[in-house]
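This is what each chain is made of:
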Amino acid sequence: METNLAPLLPSAEVVLTALSVLLLDLFIRKDEKGLLVWISLIGLALAGGMALFLWGSHEGAFQDSILLDDFALFFTELFLGAAAITILSSVHYVRETNIHEGEFYALVLLSTFGMILMAAANDLILFFLGLETMSIGVYILTGMWRERSQASEAAMKYFLIGAFATGFLLYGIALIYGAAGSTHLGRIASALGQTKSHGSIILSAGVFLLFVGLAFKVAAVPFHFWVPDVYDGAPTPVSAFMAVAVKAAAFAGWARIFLYQLSPLQSEWTLPLKALAILTMTVGNLLAISQSSVKRMLAYSSIAHAGYLLIALVAGGESGGQALLFYLLSYAAMTFGAFGVLIALKEGENDHEAYSDFAGLGFKRPFLGMAMSLFMLSLAGFPPLAGFTGKFYLFRSAVVAGHIDLAIIGALNSLLSVVYYLRVIVMMYMEEGGAEGKPFARAPYLYLAIAIAVLGTVYLGVLPAPALDLSRISFISLH
Amino acid sequence: MAPLNYYLVLSAIIFAIGVAGVVIRRNFIVILLSIELMLNAVNLTFIAFARYLGSMEGQVIVFFVMTVAAAEAVVGLAIIISIFRHRRSLDPREMQLLKW
């Protein structure tokens, strides 16, 4: 039997880059570590090129347990982009904080590899392995600023809760295996089609546990309590990476498993998922209002956005899938941007994460002020920015699927979120005496990352058609 | 051979003990052990199903799970050491720098 290795190409490239970064790190002097940034970026670009080259193919490897379809490739590109922006925005951060550079970049790359595997996995065990590769990498990244007590604490909390959730997820997989006789998603789906009565309690329990495990990973309320602490304590670029890429990976798995392969069970989990979406949006937004730290506010806002994304999962179907993928793109751009500006405010030991530190930023650093205003408006859902277009399609998919109540609650929630997003803008332009913010000369890579995020936010808002087509094509390729 | 249900009930009980340990105990190392207990309960489920279904898949999966559990334990212990260096304590109740 011949093994088709093509589906593994982009992810293999990422692993190779990670290993070369790790090895090279041993042999170069501390002032030459900038080289590692370039190697990582070139590796990511190569992997991105491979994924583009493979676009449109539909292949499987290892008895179809890894699939190479447009859906997997879409997410591959998203994760590669997220990793590249994370690396760009952490270049200055890791030097200031004495984090070991080589290991940091290598771990970002290895987590990215895990995410790619999650999006491409067509077998629950492979999905689990991808998830663990990603999670273990991110646990370490969270605690990498070892001199800081908060970082260790955040890593501990993240690790305990992540491992706990893993236990549930794995138990769910075991029960599904018992009921369906296989962990391969295609065979589970066909087993579902054949018999309804056989082992149905075990199957339901398994799906429920899998559901809980994934809900922990996407930080849906009531499984969200770790998010603010972990995002707060982790190095800021890692928080951004977690908020965007880890969440996107969990949603990718969720979409492939629940929206496609296990869709015969849809009627069973629509109601709990709907409750989860409403709770997540509302609780996330309500708690975000009362925060005094912008970093914690962004953590709660990422919970609220997970709630919006859950709407797409409830809606399902083509419009739901399209909205999910497009919103993940927009969310990635604006969240990376907002965290990027937060990184730019850091000076030495002082993080400058409170609202008051943003005071007067609009006059002191006009570019940062302008960029942050754009991200906040986009997160709140103002037209013509990415957040508006994304939310429009999310709510539309809910209406198309007949969940008008969900669309209304979502719209009310985004109205609520305006309160705390606008507070940042008010601070930046109407108060005085906050932090200085790094000038361009001191952090060129960070400015580049923010500029990319600005471009993404504006482009996806003004000209959404190409990205929407891309999202639709990618989602359809699942079927 | 004992019926399948016996194994499933036993592994469910072990899993529940693990969950209870994570929730109740007040020492990171014991919590880590409880998580390992949860994963091993899952392994037992896999093995029982593999025997019942007569498929090798479940037995192979157990090796993967054991590897992952080992990797997780390594990282967990490293984080425990780093936290112990900061505060000379392994009590979760003392993690107050970030409010839960």
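Owing to the predicted nature of the structure, the values given are computational and were not obtained by experimental measurement.

Rules behind the numbers
- Residues numbered from 1 in each chain as written.
- Chains lettered and ligands numbered in written order.
- Predicted model: local features only at pLDDT ≥ 70, side-chain atom pairs only at ≥ 80, totals over all residues.
- Heavy atoms only, no water.
- Helix = DSSP H or I, 4+ residues; strand = E, 2+ residues; numbered from the N terminus.
- Rg over C-alpha atoms; globule rule 2.2 N^0.38 Å.
- Contact = heavy atoms within 4.5 Å.
- Areas by Shrake-Rupley, 256 points an atom, 1.4 Å probe, with all protein chains shown as cover.
- Lys, Arg positive; Asp, Glu negative; His and termini not counted.
- Charge placed at Lys NZ, Arg CZ, Asp CG, Glu CD.
- Buried < 20%, exposed > 50% of the residue type's maximum accessible area, 1.4 Å probe, protein only.
- Buried area = accessible area lost by both parts, 1.4 Å probe.
- Salt bridge = Lys/Arg side-chain N within 4 Å of Asp/Glu carboxyl O.
- Polar contact = N/O pair within 3.5 Å; in protein donor to acceptor, adjacent residues only side chain to side chain.
- pLDDT = per-residue confidence, 0-100.
- Axes fitted to C-alpha atoms, helices over the stretch in contact; angles between N-to-C directions.
- Parallel < 35°, antiparallel > 145°, perpendicular 65-115°, else oblique.
- Left-handed = near helix turned anticlockwise from the far one by under 90°.
- Nonpolar A, V, L, I, M, F, W, Y, C, P; charged D, E, K, R; others polar.
- Expected span 1.5 Å × (residues − 1).
- Phe/Tyr/Trp six-rings, centres within 6.5 Å; stacked < 30°, edge-to-face > 60°.
- Core = buried A, V, L, I, M, F, W, Y, C linked by side-chain atoms within 4.5 Å.

1. Quick word on the overall build of chain A
Point 1. Of the regular secondary structure elements, chain A holds 19 helices and two strands.
Point 2. Here the C-alpha radius of gyration of chain A, 21 Å, is about what a compact globule of 479 residues would show, namely 23 Å.
Point 3. Contacts in chain A between residues at least 24 apart in sequence constitute 80% of all its contacts with a sequence separation of at least 6.
Point 4. In the form shown here, chain A has an accessible surface area of approximately 15500 Å², with 68% of it arising from carbon and sulfur atoms.
Point 5. Charged side chains of chain A number 24 positive and 31 negative; the gap between the two group centres comes to 4 Å.

2. A few points about the overall build of chain B
Point 1. In terms of regular secondary structure, chain B is built from three helices and zero strands.
Point 2. Taken over C-alpha atoms, the radius of gyration comes to 17 Å for chain B, far larger than the 13 Å a tight globule of 100 residues would show.
Point 3. Once the C-alpha set of chain B is aligned to its principal axes, its extents read approximately 50 × 25 × 20 Å.
Point 4. Buried positions account for 45% of the 100 residues belonging to chain B.
Point 5. Put simply, of all contacts in chain B between residues at least 6 apart along the chain, 53% involve residues at least 24 apart.
Point 6. Of the charged side chains in chain B, 8 are positive and 5 negative; the average position of the first set lies 9 Å away from that of the second.

3. Remarks on the interface of chain A and chain B
Point 1. Contacts between the two partners involve 43 residues from chain A, matched on the other side by 43 residues from chain B.
Point 2. Both faces combined, the contact of chain A with chain B buries some 3800 Å², and carbon together with sulfur accounts for 77% of it.
Point 3. Applying the counting rule to chain A against chain B returns one salt bridge.
Point 4. A salt bridge links Glu153(A) to Arg87(B); the nearest nitrogen and oxygen atoms lie 3.1 Å apart.
Point 5. Our enumeration of links across chain A and chain B arrives at seven residue pairs in polar contact (both at pLDDT 80 or more).
Point 6. Mapped by element, the contributors of at least two residues to the side of chain A that touches chain B are helix H5 (124–142), helix H6 (149–180) and helix H9 (227–233) of chain A.
Point 7. No other element matches H6(A), which puts 23 residues into the side of chain A that touches chain B.

4. Considering the confidence of the model for chain B
Point 1. Mean pLDDT over chain B: 89, with 94% of residues reaching 70 or higher.
Point 2. Scored as a complex, the prediction yields pTM 0.93 and ipTM 0.94.

5. Overview of the packing of helix H13 (residues 317–345) of chain A against helix H16 (residues 386–400) of chain A
Residues and elements named next belong to chain A.
Point 1. For the pair H13 and H16, interaxial distance at closest approach is 9 Å and the crossing angle is 160 degrees. The orientation of H13 with respect to H16, classified from their angle, is roughly antiparallel. Relative to H16, the crossing made by H13 is left-handed. Between H13 and H16, the residues in contact are Ser319, Gly320, Gln322, Ala323, Leu324, Phe326, Tyr327, Ser330 and Met334 and Ala386, Gly387, Thr389, Gly390, Lys391, Tyr393, Leu394, Arg396, Ser397 and Val400, respectively.
Point 2. The residue makeup of the contact of H13 with H16, split by class, is nine nonpolar, eight polar and two charged.

6. Section: helix H8 (residues 200–218) of chain A
Residues spaced three or four apart along an α-helix point in a common direction, a consequence of the helix completing one turn every 3.6 residues.
Point 1. With 19 residues, H8(A) should cover 27 Å at 1.5 Å per step; its first-to-last C-alpha distance of 27 Å lies within 8% of that length.
Point 2. Looking one or two places after H8(A), you find Ala219(A), whose phi comes out positive at around 65 degrees.

7. Considering the packing of aromatic side chains
Residues and elements named next belong to chain A.
Point 1. Under the counting rule described, the total for this entry stands at 27 aromatic pairs over all chains.
Point 2. Ring centres of phenylalanine 164 and phenylalanine 168 lie 5.1 Å apart, and the angle between their planes is 90 degrees; this geometry places the pair in the edge-to-face category. Of the two residues, phenylalanine 164 and phenylalanine 168 both sit in helix H6, four residues apart, roughly one turn of that helix. Accessibility classification places phenylalanine 164 together with phenylalanine 168 in one group, the buried group.
Point 3. Measuring from ring centre to ring centre gives 6.4 Å for phenylalanine 216 and phenylalanine 225, while their planes differ by 90 degrees; the resulting arrangement is edge-to-face.
Point 4. By way of ring pairs, the aromatic residues Phe71, Phe74, Phe75 and Phe79 are connected into one cluster.

8. Quick notes on the environment of Met118(A)
Residues and elements named next belong to chain A.
Point 1. For methionine 118, the position within the fold is in helix H4 (residues 101–120).
Point 2. Spatially, the C-alpha atom of methionine 118 lies 28 Å from that of valine 283, the residues being 165 residues apart in sequence.
Point 3. Residues within four places of methionine 118 in sequence aside, it is in contact with Phe127, Gly130, Leu131, Met134, Ala249, Ala250 and Gly253.

9. Concerning the nonpolar core
Point 1. Within the largest apolar cluster, 219 residues are counted, with the highest numbers of intra-cluster contacts made by Phe75(A), Trp254(A), Phe258(A), Phe358(A), Met376(A) and Phe46(B).
Point 2. Leaving out residues up to four positions away in the same chain, Trp254(A) has contacts with Phe211(A), Leu214(A), Ala215(A), Val218(A), Leu259(A), Leu273(A), Leu276(A), Leu310(A) and Leu313(A).

10. Observations concerning the packing of H5(A) against helix H3 (residues 57–87) of chain B
Point 1. Contact geometry for H5(A) and H3(B): axes closest at 11 Å, N-to-C directions at 10 degrees. Judged on the interaxial angle alone, H3(B) and H5(A) are roughly parallel. Residue-level inspection shows Ile125(A), Phe128(A), Leu129(A), Glu132(A), Ile136(A), Tyr139(A) and Ile140(A) of H5(A) in contact with H3(B), the latter providing Ile61(B), Phe64(B), Val65(B), Val68(B), Ala71(B), Glu72(B), Val75(B) and Ile79(B).

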